[in-house]
Amino acid sequence: MSVDLENRYPHTFAIQLGADVIDSITGFGGVVTASSNYLTGCDRYSVLPRELKDGHPQDAHYLEEYRLTYQQHQDGEVVLATATSDSQAIQFAFDNGEYVKDLVTGFVGIVVVRTATLRSDNRYAVVNPNPKNMKDDREWLYFDEAQLQRTKQNQKVELNPITSGKPGGPPVVEAPRH
């Protein structure tokens, strides 16, 4: 299995993998372990608490970018996370909206989320473009980048540009309050 390295789709996340962040709404905090870019235009981050609970790691929670703050030593203040000149673009083999095929099972679908992780691997959430019933269109299947190939050259699903201030994504399960 090989990925087409000629056609890469860079995306610069405002918050870098490994950053210590705090949810400005709930106070939930931890380390960014994954960054996801959605077809709808929003970026979400997986935040894993540093503290153990009963001797075990706690669950990570995905949070919208606009909710996260991080320590930036400008007069000792916590400021809203923003892209910086040292932010590096993540190179994705597939763009949101592209048709892809799983080389293992033959499943064909549309990329709806691109995720980069601390391990430097990219994963994709893919949906069935022709669901048989209403339940199918909400089921996302996840694939490693090396397991996918492009199926329809120059064919992408495009959404209308987002005009609101905050692009949407799937429903958010609230992080615990601290």
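Residues numbered from 1 in each chain as written. Predicted model: local features only at pLDDT ≥ 70, side-chain atom pairs only at ≥ 80, totals over all residues. Heavy atoms only, no water.

## Some remarks on the overall build of the protein chain
- A tally of helices and strands in the protein chain yields zero helices and 15 strands.
- Residues counted as buried form 37% of the 178 residues belonging to the protein chain.
- Put simply, of all contacts in the protein chain between residues at least 6 apart along the chain, 56% involve residues at least 24 apart. (Helix = DSSP H or I, 4+ residues; strand = E, 2+ residues; numbered from the N terminus. Buried < 20%, exposed > 50% of the residue type's maximum accessible area, 1.4 Å probe, protein only. Contact = heavy atoms within 4.5 Å.)

## A few points about the nonpolar core
- Core analysis: the biggest nonpolar cluster contains 22 residues, and I15, V21, Y45, L68, F94 and Y124 have the highest contact counts within it.
- The set of elements that each furnish at least two residues to this core consists of β4 (43-48), β8 (68-74), β12 (108-117) and β13 (122-127).
- Among the nonpolar cores identified, the runner-up in size contains eight residues, and Y38, Y99, I110 and V112 belong to it. (Core = buried A, V, L, I, M, F, W, Y, C linked by side-chain atoms within 4.5 Å.)

## Digging into the packing of aromatic side chains
- One pass over the full model with this rule turns up six aromatic pairs.
- On the numbers, 6.1 Å between centres and 50° between planes, the contact of Y38 with W140 is tilted. Within this pair, whereas Y38 is found in strand β3 (residues 29-38), its partner W140 is found in the loop between β13 and β14 (141-144), the two being separated by 102 residues in sequence.
- Residue classification places Y38 among the buried residues on the basis of a relative accessible area of 9%.
- Judged by relative accessible area, W140 falls into the partly exposed class, the value being 28%.
- Between F92 and Y124 the ring centres are 6.1 Å apart and the planes differ by 75°, which places this aromatic pair in the edge-to-face class. Pair noted here: F92 is in strand β10 (residues 89-92) and Y124 is in strand β13, with a separation of 32 residues, a long-range link. Y124 carries the same exposure label as F92, and that label is buried. (Phe/Tyr/Trp six-rings, centres within 6.5 Å; stacked < 30°, edge-to-face > 60°.)

## A closer look at the pattern of salt bridges
- Within this structure, the stated rule accounts for six salt bridges.
- Between R44 and E64 there is a salt bridge whose closest N-O contact spans 2.7 Å. Taken together, the residues span a long stretch of sequence, with R44 in strand β4 and E64 in strand β7 (residues 61-64) at a distance of 20 residues. Accessibility classification places R44 together with E64 in one group, the buried group. (Salt bridge = Lys/Arg side-chain N within 4 Å of Asp/Glu carboxyl O.)

## Quick look at the pairing of β4
- The buried count for β4 comes to five of six residues, which makes it a mostly enclosed element.
- Here six bridges tie β3 to β4, and the two strands are oriented antiparallel to one another. Along β4, the bridge assignment pairs S35 with Y45.
- The turn linking β3 back onto β4 is made up of four residues, and G41 within it adopts a positive phi angle of 105°. (Pairing = 2+ DSSP bridges.)

## Some remarks on the environment of V47
- Checked against the element boundaries, V47 lands in strand β4.
- With a relative accessible area of 0%, V47 lands in the buried category.
- Placed 16 residues apart in sequence, V47 and V31 show a C-alpha to C-alpha distance of 5.3 Å.
- When near neighbours in sequence (up to four residues on either side) are disregarded, V47 contacts V21, F28, G29, G30, V31, D59, A60, H61, L63 and L68.

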